[in-house]
There are 2 protein chains.
Amino acid sequence: MSGIKDVAREAGVSIATVSRALRGLPRVSDETRERVLAAAARMEYVASPHAASLKSGQTRTVGVVVPNVTRWFFGSVIHGAEELLRQEGYDVLLYDITGDPEARHRLFSTHLLSKRVDAVMVLAVRPTPEEVASLVRVGSPTVVVGGYVPEWPSVRIDDVLASRTAVRHLIELGHERIAHIGGTPDPEHAGLQLPTPHDRLEGYRQTMAEAGLAIEPGWEAYGDFTARGGLTACQQLLDAPTRPTAIFAASDEMAIGAVHALRKAGLRVPEDISVVGIDDHELSEFFDLTTVAQPAHDLGHRGARILLDALAGHTPTGLVLPTRLVARGSSAGAP
Amino acid sequence: MSGIKDVAREAGVSIATVSRALRGLPRVSDETRERVLAAAARMEYVASPHAASLKSGQTRTVGVVVPNVTRWFFGSVIHGAEELLRQEGYDVLLYDITGDPEARHRLFSTHLLSKRVDAVMVLAVRPTPEEVASLVRVGSPTVVVGGYVPEWPSVRIDDVLASRTAVRHLIELGHERIAHIGGTPDPEHAGLQLPTPHDRLEGYRQTMAEAGLAIEPGWEAYGDFTARGGLTACQQLLDAPTRPTAIFAASDEMAIGAVHALRKAGLRVPEDISVVGIDDHELSEFFDLTTVAQPAHDLGHRGARILLDALAGHTPTGLVLPTRLVARGSSAGAP
DNA sequence: TTGAAAGCGGTACCAT
DNA sequence: ATGGTACCGCTTTCAA
C-alpha cells in the first residue's frame, strides 16, 4: 500500500505539496495539483487516517453510544445519523453497551472515547454526573438523542406531550378506565437513565387527573420497553381489581406485546380493550396499532447535524421535534 | 490529557518502561509495574490508539459493512458481533451503505477500509470481483455473515434448506397451492447481492417440484425484504389466476406485510390462507407467525469469533448454523 | 508556490 | 530490568 512519499516521488514534488494538493488547500498551482491527483489516483493512495489524526488532533470519527442496536428506535436513529455523518466524511464508531454499567463507566470515565472520536452521540444512556463531567472536561461535543441530560444539547420529542396525546385520544373515544405500561419501574428514582420513562408516566398521570379520571390500583405496570415485557405487564394489568378498557403503553413494542397478551386472554382489540403506543415502529402499521409517532430517523439526522455544527465551532442548541397521533385499528370507543 | 511522557515522569521511569508496563509485557519488575500502573491510574492516562496504530500497524478496530441497521436481522447480527469484539478489546466501525452502490464502491475499492480496520465483517452486501480482489490483496481478514462470497469464509444458514423446511411444513399441512414472496426480483442475475434470495427461491421451487406440486403463473412475487414490500407482493399474489392457499415469504418482515394484506382483503389467517416466513424476527411471536428461525445474534457472534481467530493467525473456516421450524398460528391445514 | 523539518504519541529494537 | 531512540505516516510551521 503506497504512502504519501510514494505519491510525492511519483509526482515529482515534496510530501508537503502532496498533502496540500490532496486536501484541496490553497497555494498549490493547478498544474501541480493535477499531477499529484493523477499520481495518487494511479497508485490508489489513501492517506492514513491514524497518521493524520495523530498530527491534526482530529479523528473524523464520531462515537455513538447506544444500549441496544436491536431496538427499532435506536437502529433508526443510528441510521439517520450515520447517513449524514458519512456524507460529511465522518466515520461512526458504535458502542453498544447493553445493560453493562461497568462497560458504560469504562467508556465514559476513561479518556478512551475522547481519544478516539471528535464528538459523541448518546442514546438513552444516562451517564453519572462524574462521567458527564469527565466528557465535558475533555471538550468533545456531545449530543443526547431521545432523552435529556442537562449538560448537553439534546434532540428529542416532548415525552410528556406524546403521552398526553395518546391518553387524550383514548379519553376522546370515551374511555375512562385507562391503564399504563411504562418503560421502567420506579422511573423517578432510577439514576442511570434518561427522563423518558418518567415523562411518559407523568403525561399519563397528568392527563388522567385533568380529566377527573382515577388511576385505580394495579393500573400501572412496567414492560422494560420490550414486547415480552409488554406482554407480562399486560397480564398483570388484567389482574387489577378493576379491569381497564384501554391501555396506553410507553412504546410500540410494549403495546404489541400487550395486544398479544389480550388476544391470548381471549379479549378482542379494540372491541374489548383499546391499545395505544408511542413510536410508530415500522411494523406498527402492519399490526394496525394506534400510536403517537416520533421521527426516529430524523432525530438521528438532527443529532448528527448538531454535532457537525459544534465541530465547526457553532454553539449547539437542543431541539424538540413534533410527534403526531396515528390512529389505527387498535383503538376504538369504550365498550 | 496526559501522555505517556507525563506518566513516565510521574513514575520516575522511561517512556519505554511505561509502555511495557501498561501493556503487560514481560521484563518489567513487579515493583516498577505497580508504580507505573498507579501513576497512570492517578493521571487517568489512556494511550492514544492512533499513535499506537501508527507504529504497530494494528488498529484494534473491525469494520462492519451493512446495508441497513434498521433491519432486525442486521441489527441482531451486529449486536452479537459487537458484544464479543468489545470484550476482546476491539472497536466496531459501522458502515451503513444503504442502497448506495457508489458508497459501497468507494468503501471497498479505496484502501480506506483497510487503513482503518484490522478486519471486516460484511453483511448481505456483495462486492464486485474487483472490490473483493482489492480487499483480498490488502490481506484484511474478512468474513461474510448471512450470505456467501466464495473468496471469504462465511457464517450463515443453509438457505435452501430453510426454504424447504418452510414449504414442507405447508405441504404436510395439506397445502398444494403454495405461492412465494421472494426478496428480490430476478435473483439469479442480480450481481451485487448475496445468493440468499436466490437460494430461498430455489428451495421453494425444489420442494414444490419434488412434491409434484405445480407453481402456477403469478405465484412468485417480490417484496424487497420489507413489510411494505411483502404487502404489495401479497396483493399481486391474490390476483393470480389460481388463488394459493398458502404463502411462503423469504423473510418474516415480508410475511408480516403479507398477513396484513390478507386481512385487509378480508381473508382470515390461517383459516383461508396460511403464511410462513423465515427469520423468527423478535416480533414474530407476537404476530403469531409461523417461521423458520435463524440464529441472527449467534451468526454475528460466530462471525466475530472467526475474525478474531484469523487475526490471531488461524486459518478461518466458514460455518453453517442450523435453523428450526417454529410452528405458530399463521399456518394451519389447507381450507 | 514549494520544500525542509519538527513534531503528533506511541512502539519496538538495541544498548546497557 | 531499564533506557535511548529511530521510526510509523502524516500535518504544519517556517524558509526559500
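A.B. asks: Looking at this structure, I do not really get the overall build of chain A. What am I missing?
C.D. replies: Of the regular secondary structure elements, chain A holds 14 helices and twelve strands. In terms of overall size, chain A is more extended than a compact globule, its C-alpha atoms giving a radius of gyration of 25 Å where 335 residues would be expected to give roughly 20 Å. Principal-axis analysis of the C-alpha atoms places the extent of chain A at approximately 85 × 40 × 30 Å. Residue burial in chain A is summarised as follows: out of 335 residues, 56% are buried. Restricting the contact set of chain A to residue pairs at least 6 apart, pairs at least 24 apart contribute 70%. Averaging the locations of the 33 positively and 41 negatively charged side chains of chain A gives two centres separated by 8 Å.

A.B. asks: Which parts of the structure should I look at to understand the interface of chain B and chain A?
C.D. replies: Frequently, the measure chosen for interface size is the accessible area that the parts lose on association. Contacts between the two partners involve 53 residues from chain B, matched on the other side by 54 residues from chain A. Here chain B meets chain A over a buried area of about 4900 Å², counting both sides, of which 61% is carbon and sulfur. The tally of links between chain B and chain A comes to six salt bridges. Mapped by element, the contributors of at least two residues to the side of chain B that touches chain A are α4 (49-56), α5 (72-87), β2 (91-96), α7 (112-116), α8 (129-138), α11 (227-238), α12 (252-264) and α13 (284-287) of chain B. Per-class residue counts for the side of chain B that touches chain A are 20 nonpolar, 19 polar and 14 charged. As paired strands, strand β2 (residues 91-96) of chain A and β2 of chain B are joined by three bridges and run antiparallel to one another. In the sheet register, Val-92 of chain A faces β2 of chain B, and the bridge partner there is Leu-94 of chain B.

A.B. asks: Sorry if this is basic, but what is going on with the protein's contact with DNA strand C here?
C.D. replies: The environment of DNA strand C is formed by 26 residues, the closest being Thr-17, Ser-29 and Thr-32 of chain A together with Ser-19 and Arg-23 of chain B. Within 4 Å of the protein, atoms of DNA strand C come from sugar and phosphate in 65% of cases. One of the side-chain nitrogen or oxygen atoms of Ser-19 of chain B is found 2.4 Å away from a phosphate oxygen of DNA strand C. Measuring from a base nitrogen of DNA strand C, one finds a backbone N or O atom of Ala-51 of chain B at 3.3 Å. Residues of the surface near DNA strand C, tallied by class, amount to twelve nonpolar, seven polar and seven charged.

A.B. asks: Sorry if this is basic, but what is going on with the layout of surface pockets here?
C.D. replies: Space left empty within the atom packing is revealed by a probe, the size of a water molecule, rolled over the atoms. Taken as a whole, the second largest pocket encloses approximately 1500 Å³ of empty space. Taken together, 38 residues make up the lining of the second largest pocket; nearest its centre are Val-46, Ala-47, Arg-60 and Gly-89 of chain A together with Leu-112 of chain B. Elements with a minimum of two residues in the lining of the second largest pocket: α2 (15-22), α4 (49-56) and α5 (72-87) of chain A together with β2, α6 (101-109) and α7 of chain B. Counting residues per element, the lining of the second largest pocket draws most heavily on α4 of chain A, which supplies six residues. Looking at side-chain class alone, the lining of the second largest pocket contains 14 nonpolar, twelve polar and twelve charged residues.

A.B. asks: Explanation requested: helix α3 (residues 30-42) of chain A in the structure shown.
C.D. replies: In an α-helix, one full turn covers 3.6 residues, which means residues spaced three or four apart are oriented alike. Helix length check: α3 of chain A (13 residues) gives 18 Å between terminal C-alpha atoms against 18 Å at 1.5 Å per residue, within 8%. Looking at the buried positions of α3 of chain A, the neighbouring elements they touch are α1 (4-11) and α2 of chain A.

A.B. asks: Can you help me understand the sheet that holds strand β4 (residues 142-145) of chain A in this one?
C.D. replies: Paired through backbone hydrogen bonds, the strands of a sheet run either parallel or antiparallel to each other. Strands sit in the order β11(A)-β5(A)-β4(A)-β3(A)-β1(A)-β2(A)-β2(B)-β1(B)-β3(B)-β4(B)-β5(B)-β11(B) across an open sheet of twelve strands; the sheet is mixed. For this open sheet the edge positions go to β11 (319-321) of chain A together with β11 (319-321) of chain B, each flanked by a neighbour on one side alone. Here the average twist between neighbouring strands, direction ignored, is 20 degrees.

A.B. asks: When you look at the protein's contact with DNA strand D in this model, what are you seeing that I'm missing?
C.D. replies: The immediate surroundings of DNA strand D are formed by 26 residues, with Ile-4 and Ser-19 of chain A together with Ser-14, Ser-29 and Thr-32 of chain B found nearest. Considering the 4 Å shell around the protein, atoms of DNA strand D inside it are sugar or phosphate in 69% of instances. A distance of 2.5 Å separates a phosphate oxygen of DNA strand D from a polar side-chain atom of Ser-19 of chain A. Between Lys-55 of chain B and DNA strand D, the recorded distance is 3.2 Å, taken from a side-chain N or O atom to a base oxygen.

A.B. asks: For this particular structure, what's the right way to read the relation of the copies chain B and chain A?
C.D. replies: Copy one and copy two of the chain differ by a rotation about an axis and a translation along that axis. Structural alignment of chain B on chain A gives an RMSD of 0.1 Å, achieved by rotating through 180 degrees and translating 0.0 Å along the axis. On the angle and the small slide along the axis, the relation comes out as a two-fold axis. Interface overlap between copies is the fraction of interface residues in one copy that are interface residues in the other; for chain B against chain A it reaches 100%, indicating a shared surface.

A.B. asks: Help me understand the nonpolar core in this model?
C.D. replies: Nonpolar side chains tend toward joint burial in soluble globular proteins. Residues Ile-181 and Leu-262 of chain A together with Ile-181 and Leu-262 of chain B are the most contacted members of the largest nonpolar core, which totals 90 residues. Aside from chain neighbours lying at most four places away, what touches Leu-262 of chain A is Cys-234, Leu-238, Ile-247, Leu-267, Val-269, Ile-273 and Val-275 of chain A. Counting 56 residues, the second-largest nonpolar core is a separate cluster that includes Val-62, Ala-81 and Leu-85 of chain A together with Ala-304 of chain B.

A.B. asks: Sorry, what's going on with α12 of chain B here?
C.D. replies: Residues and elements named next belong to chain B. Look at α12: 18 Å from first C-alpha to last across 13 residues, which is about the 18 Å you get at 1.5 Å a residue. The element α12 is extensively covered by neighbouring structure, given that eleven of its 13 residues are classed as buried. Positive phi appears at Gly-266, one or two residues downstream of α12, with a value of about 80 degrees.

Rules used throughout
- Along each chain, the written sequence defines residue order, and numbers are assigned to residues from 1.
- All chains are assigned letters beginning at A, and all ligands numbers beginning at 1, according to the order in which they are written.
- In keeping with the predicted nature of the model, local features appear solely for residues at pLDDT of at least 70, side-chain atom pairs appear and are counted solely at 80 or more, and the whole-chain, interface and lining totals rest on all residues.
- Side-chain numbers here rest on the full set of heavy atoms in the structure, without hydrogens or water.
- Secondary structure counts use DSSP, requiring at least four H or I residues in a row for a helix and at least two E residues in a row for a strand, with both numbered from the N terminus.
- As defined in this context, the radius of gyration uses C-alpha atoms, and a globule is described by 2.2 Å times the residue total to the power 0.38.
- In this scheme, a residue with accessible area under 20% of its type's maximum is buried, one over 50% is exposed, and one in between is partly exposed, where area comes from a 1.4 Å probe on protein chains only.
- Two residues form a contact once any of their heavy atoms are found within 4.5 Å.
- His is not counted, nor are the chain ends, whereas Lys and Arg count as positive and Asp and Glu as negative.
- A charged residue contributes its charge at one atom only: NZ of Lys, CZ of Arg, CG of Asp or CD of Glu.
- What counts as buried area is the accessible surface, traced by a 1.4 Å probe, that two parts surrender upon association, with contributions from both included.
- Between Lys or Arg on one side and Asp or Glu on the other, a salt bridge is scored when a side-chain nitrogen of the former is within 4 Å of a carboxyl oxygen of the latter.
- Any residue that is not Ala, Val, Leu, Ile, Met, Phe, Trp, Tyr, Cys, Pro, Asp, Glu, Lys or Arg is counted as polar, Gly included; the first ten are nonpolar and the last four charged.
- In short, DSSP must find at least two bridges between two strands for them to pair.
- It suffices for a single heavy atom of a residue to lie within 4 Å of a molecule or strand for the residue to be listed as near it.
- We define a polar contact as two N or O atoms separated by no more than 3.5 Å, with the added condition that, inside protein, one atom must be a possible hydrogen donor and the other a possible acceptor, whereas residues neighbouring each other in sequence contribute only through side-chain atom pairs.
- Here a cavity is any set of points on a 1 Å grid over the protein atoms alone where a 1.4 Å probe fits but cannot get out, and a pocket is any open set with protein on both sides within 12 Å along at least 5 of 7 lines; a residue lines the site when it has an atom within 4 Å of a point.
- Grid points are joined across faces, edges and corners, and a volume is the space filled by probe spheres set on the points.
- To estimate how far a helix should extend, the number of its residues minus one is multiplied by 1.5 Å.
- Angles here are taken between N-to-C directions and fall from 0 to 180 degrees, while the axes themselves are lines fitted to C-alpha atoms, restricted in helices to the stretch in contact.
- Residues reaching a pLDDT of at least 70 in both copies supply the C-alpha atoms on which the copies are superposed by least squares.
- Residues grouped as a nonpolar core are buried Ala, Val, Leu, Ile, Met, Phe, Trp, Tyr and Cys residues, joined through side-chain atoms within 4.5 Å.

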